Amino acid sequence: MSLTSALNAAQTSLSNTSTQTNIVSRNISNASDPDYNRRNAALATNVYGAQVVSIERAQDQALFRQTIKGTSAASGQQALLSGLETIKGIFGGNDYETSPAAMLGTLRDTLSTFASQPGESTLARSSVADAQTLAAGIRDASAAVQKVRLDTDNEIERQVGKLNELLARFETANNNVTRGTQLGGDVSADMDERDSLLKQISGIIGVSTITRTGNDVAIYTSDGTTLFESVPRPVTFTPSVGFAATVQGNAVFVDGVPLGAGVGANSTAKGSLQGLLQVRDEMAPAVQTHLDEIARALIVTFAETDQSAVPTLPDQPGLFTWAGGTVPAGATVVPGIAASFAVNAALIPAQGGNPELLRDGGINGAAYNANPTGAASFSARLDAFVVAIDTPMGFDPASGLSPSTSVIDYAADSLGWLELNRSEASSASESREAFRFRAVEAYSNDTGVSIDEEMSMLLELEQSYTASARLISVIDQMLEALMSTVR
Amino acid sequence: MKTSFISNLAMNNAMRMTIARGQLEIQQLQKEAVTGRHADIGIALGAQTSSSVSLGRDLARMNTILDSNALVSQRLGTSQLALEAMSNSAQQMLETFIVANGANDAPKLSVMQRDVQAALETFTAAGNTSVNGEYLFAGINSDVKPLEEYTVAGSTPKAAFDATFLGHFGFAQTDPAAAGITVAQMDNFITNVLEPTFMGTDWNTNWSSASDTNITSRIRNGEVVESGTNSNSLGMRSFALAAVIGMELLTAPVTSEVREAANARAIEYSGQAVTGIDNQRSLLGVSENRVSKADVALESQIKILKLHINDIEGVDPYEASTRVNSLLAQVETSYALTARIQRLSLMNYL
């Protein structure tokens, strides 16, 4: 050993310290960046003392996978919940003021009052007015449900666009990482970028990753479809122009394979896309079916029947009618009937109709008139309506609610179905959000920056720097002493 | 070497979720403490929301029926008053006929005629009583005045009687030829000619425009009562028949035997009128009783429903306010802790 090698070692130490200080200051400056992983300068020993060999980036694949999983599940559940919240909003607040159930209740009460005073033409008018409110309410609700589907469809398009853009950026980041790894450079910044993109991608679609040789990452969807392998696979989606009860939305294709929708209120959706698909293709259409069934049941309940001794004429729409203008036969849902559901113009005073026809019948001709003498206090038909609203009738079992119940209970059941799903989705969303939060927290604790630790390391580096500097000056003095002897 | 297992980011975020949750819950609990109901019924009840909605509708329906029952009670009560007046005038007419029995002199007969006419007018007026624009005794035909007036000029029933008499005997009842009518002839006329015009369908043409169908009202779910009666009842027909005999036949220039026989029939019909009208009163009384029982039942049902709805939708406001207080303390602790943790840094000691 010679003084020169001691000087070399001290110099190396100085250079190490400056590299380490650089790392510390980078760590501190990124302390509040959630996508930043802590760096560490790994030292190795050689003949000249310690030398910085590599910059290590803190990683924990298991926790990172948890984070990604948590993000997907929370984001899918959140998409479903906000869809359900929007649908619930259609039916009013805590009292469900604008729900068919509430408006039908009001109509029933008015009809009941009208039945006790059938001669009052103001009551005839207010009954028809209530019926108009109900019809408009059902129509509006149907339109609003389809609007929810359209908005969701547009949101899917936006998310697919964003996903494709993220995948393109992922390709760049991944290429940088693999190239950097081959060249043996510091790829930490690129890996941060890549992880950050992966987190964003996992919010849109559930993914799993495989890291291959050369630090190359391939992404697969939760269903196993390839999303990224060296190059991004195309995610395609054709948005629909408009929605109606009979219009099906288009599927999202990942590399040509259709993406499945989430199932259940405690949704299986991984990522917002599946949650949105579930709202568009499952929840909103179910509510539409309920509205269609309510509309159909009301047309049937208020239909006019042939009053002749031997009835030969078919039933005709009475108080309520629709674009088809017939009374639908059988307990089968008529898709989209709610969209054209309306009060018969023959009863609306503003359209030249006569509201008193509600009491007697006969909108469709004299054969349907139950009160041919025009007796003012004829209440049998009105009372029959009030009773019929409460009488069980047949509903399409395909609608998922009770197949035999009264129309007013069916309307209430429909709300029950919606609220059951919303309630479950809400509690599932809370627990998934909590899971995501904990996963992110655990990952951040493991890979994030602690300023305290960096500061204490800085103190250590300061000491080491001072010691090295002192060493150099001592060696300098020793060399000086040596030189003076020689001189 | 990594020695710590906490990152600054995680530390700063740690309290965030607690605070956000706490604030959200405070807002909801405040609402609950004030309204006494769940802040979001759908989330709280889930599928049970449907029964909450149904119960609310049922409650509204019962209140509506209660309101319309008040109307029914009013109609029934007024009908009772009118029927009482009719019954009283039938009784007076009966007494008039009994007093007039055997009277043949003109002044007594004219007093009798005046009394019978007064009774008939009272009867007609009572029969044409209306409430809220509905004629009470018209059956369901409630927008038409049910009883024709006999004593006004151009009266339909008067003309019909005159025609019937003339058609049978060949001369008017005021004609002196009436003195030739025998007791048997008069009896035959009353029983076989006059009575059928009152008891048969002619009644509906000449006297009454009422419908035979009575107004019915639903006074409770599943209970419908007749909430009115009509002027086609046996009692009302008999009243009119007795009055017509009294006013037309007893004052006709007939022999005293014939008059006595006619008076006997008038007494008989007046008796039938009293019984018939009292019968109607008791029928309406039954309806009145059912309405008041239905009201009692409805009111107790409403109370039970309200309790039930409160069980489902309600929250304990005391519990809610207690929870608000403890949550406020919790959130304040979070704030204090967050602030202190933020201050906790090695930097302060270097």
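Residues numbered from 1 in each chain as written. Chains lettered and ligands numbered in written order. Predicted model: local features only at pLDDT ≥ 70, side-chain atom pairs only at ≥ 80, totals over all residues.

Quick look at the overall build of chain B
Within chain B, the regular secondary structure consists of 10 helices and 4 strands. Going from the N terminus to the C terminus, chain B shows its helices and strands as α-α-α-α-β-β-α-α-α-β-β-α-α-α. Here the C-alpha atoms of chain B give a radius of gyration of 40 Å, more than 25% beyond the 20 Å that 2.2 N^0.38 yields for 350 residues. Projected onto the principal axes, the alpha-carbon positions of chain B cover approximately 145 × 30 × 30 Å. Per-residue burial for chain B yields a buried fraction of 37% across its 350 residues. Here the analysis covers contacts within chain B between residues at least 6 apart in sequence; of these, 77% occur between residues at least 24 apart. (Helix = DSSP H or I, 4+ residues; strand = E, 2+ residues; numbered from the N terminus. Rg over C-alpha atoms; globule rule 2.2 N^0.38 Å. Buried ≥ 20, exposed ≤ 12 C-beta atoms within 10 Å, placed from the backbone. Contact = placed C-beta atoms within 7 Å.)

Description of the overall build of chain A
When you go through chain A residue by residue, the secondary structure sums to 10 helices and 13 strands. In terms of overall dimensions, chain A is more spread out than a globule: its C-alpha atoms have a radius of gyration of 37 Å, far above the 23 Å expected for 487 residues. With the C-alpha coordinates of chain A rotated into their principal frame, the extents come out at 145 × 40 × 35 Å. A total of 487 residues make up chain A; the buried ones form 47% of that total. Contacts in chain A between residues at least 24 apart in sequence constitute 67% of all its contacts with a sequence separation of at least 6.

Overview of the interface of chain B and chain A
With 45 residues of chain B at the contact, the number on the chain A side is 47 residues. Secondary structure elements with two or more residues in the side of chain B that touches chain A: α1 (8-35), α2 (41-45), α3 (49-100) and β3 (216-220) of chain B. It is α3(B) that provides the largest number of residues to the side of chain B that touches chain A, a total of 12 residues. Looking at the side of chain B that touches chain A residue by residue, the class counts come to 19 nonpolar, 19 polar and 7 charged. (Nonpolar A, V, L, I, M, F, W, Y, C, P; charged D, E, K, R; others polar.)

What about the packing of helix α2 (residues 61-90) of chain A against helix α6 (residues 272-301) of chain A?
Residue and element names in this part refer to chain A. Axis separation between α2 and α6 bottoms out at 7 Å; the angle between their running directions is 30°. The orientation of α2 relative to α6 falls into the category roughly parallel. By crossing handedness, the relation of α2 to α6 is classed as right-handed. Contacts from S75, G76, Q77, A79, L80, G83, L84 and I87 of α2 reach α6 at S272, Q274, G275, L276, Q278, V279, M283, A284 and V287. (Axes fitted to C-alpha atoms, helices over the stretch in contact; angles between N-to-C directions. Parallel < 35°, antiparallel > 145°, perpendicular 65-115°, else oblique. Left-handed = near helix turned anticlockwise from the far one by under 90°.)

A look at the packing of helix α9 (residues 407-447) of chain A against α1(B)
Contact pair α9(A) / α1(B): the axes reach a minimum separation of 9 Å and the direction vectors enclose 160°. Here α1(B) runs roughly antiparallel to α9(A), going by the angle between their axes. As α9(A) packs across α1(B), the resulting crossing turns out to be left-handed. Note on element contacts: α1(B) touches α9(A) through B:L9, B:A10, B:N13 and B:M17, opposite A:F437, A:E441, A:S444 and A:N445.

Let's talk about the sheet that holds strand β8 (residues 253-254) of chain A
Residue and element names in this part refer to chain A. Taking strand neighbours across the sheet as the criterion, the 3 strands line up as β7-β8-β9 in an open arrangement whose pairing is antiparallel. Pairing within the sheet leaves two strands with one partner each, and these edge strands are β7 (235-236) and β9 (257-258). Direction of pairing for β8 relative to β9: antiparallel, over a ladder of 2 bridges. Bridging across to β9, V254 finds its partner in V257. (Pairing = 2+ DSSP bridges.)

Here's the deal with the sheet that holds strand β6 (residues 231-232) of chain A
Residue and element names in this part refer to chain A. Sheet architecture is open: 4 strands sit in the order β3-β4-β5-β6, paired in antiparallel fashion. At either end of the open sheet lies a strand with only one pairing partner, and these are β3 (207-212) and β6. Note that β3 and strand β4 (residues 216-221) share 6 bridges and pair antiparallel. When the bridges of β4 are listed, I210 appears paired with A218.

With respect to the pairing of β4(A)
All names here are of chain A. Between β3 and β4, which follow one another and run antiparallel, lie 3 residues, and G214 among them has a positive phi close to 75°. Across 2 bridges, the pairing between β4 and strand β5 (residues 226-229) is antiparallel. Bridged to Y220 within β5 is T226. The turn linking β4 back onto β5 is made up of 4 residues, and G224 within it adopts a positive phi angle of 100°.

With respect to the pairing of β3(B)
Of all the 5 residues making up β3(B), 4 are buried; the element is thus mostly covered by neighbouring parts of the structure. Linking β3(B) back to strand β4 (residues 223-226) of chain B in an antiparallel pair, the connection comprises 2 residues, with B:G222 at a positive phi of about 85°.

Overview of α1(B)
Taking 1.5 Å per residue as the helical rise, α1(B) with its 28 residues ought to reach 40 Å, and the 42 Å between its terminal C-alpha atoms agrees with that figure. Residues B:N8, B:L9, B:M11, B:M15, B:G22, B:L29 and B:E32 constitute the buried set of α1(B). Residues of α1(B) that are buried in the fold lie against α9 and α10 (451-486) of chain A together with α10 (317-343) of chain B. B:G36 occupies a position one or two residues after α1(B) and carries a positive phi of about 75°. (Expected span 1.5 Å × (residues − 1).)

Some details on the domain arrangement of chain A
As far as domains go, chain A holds domain 1 (3-58 + 476-486) and domain 2 (65-436). For domain 1 of chain A versus domain 2 of chain A, the distance between C-alpha centres works out to 65 Å. (Domains from an automatic or database assignment.)

A short note on the environment of B:I341
All names here are of chain B. As for its position among the elements, I341 is in helix α10. Among the residues examined, I341 registers 14 C-beta atoms within 10 Å and is labelled partly exposed. Residues I341 and N12, 329 residues apart in the sequence, show an inter-C-alpha distance of 8.0 Å.

Here we look at the environment of B:E121
Its location among the elements puts B:E121 in helix α4 (residues 106-127). Each C-alpha atom of the pair B:E121 and B:P146 lies 14 Å from the other, and the pair is 25 residues apart in sequence.

Things to note about unusual backbone geometry
Unlike most non-glycine residues, A:N215 shows phi in positive territory, near 60°. Relative to the elements of secondary structure, A:N215 occurs in the loop between β3 and β4. Look at B:N132: it is not a glycine, yet its phi comes out positive at around 50°. B:N132 sits in the partly exposed class, given 13 other C-beta atoms within 10 Å.

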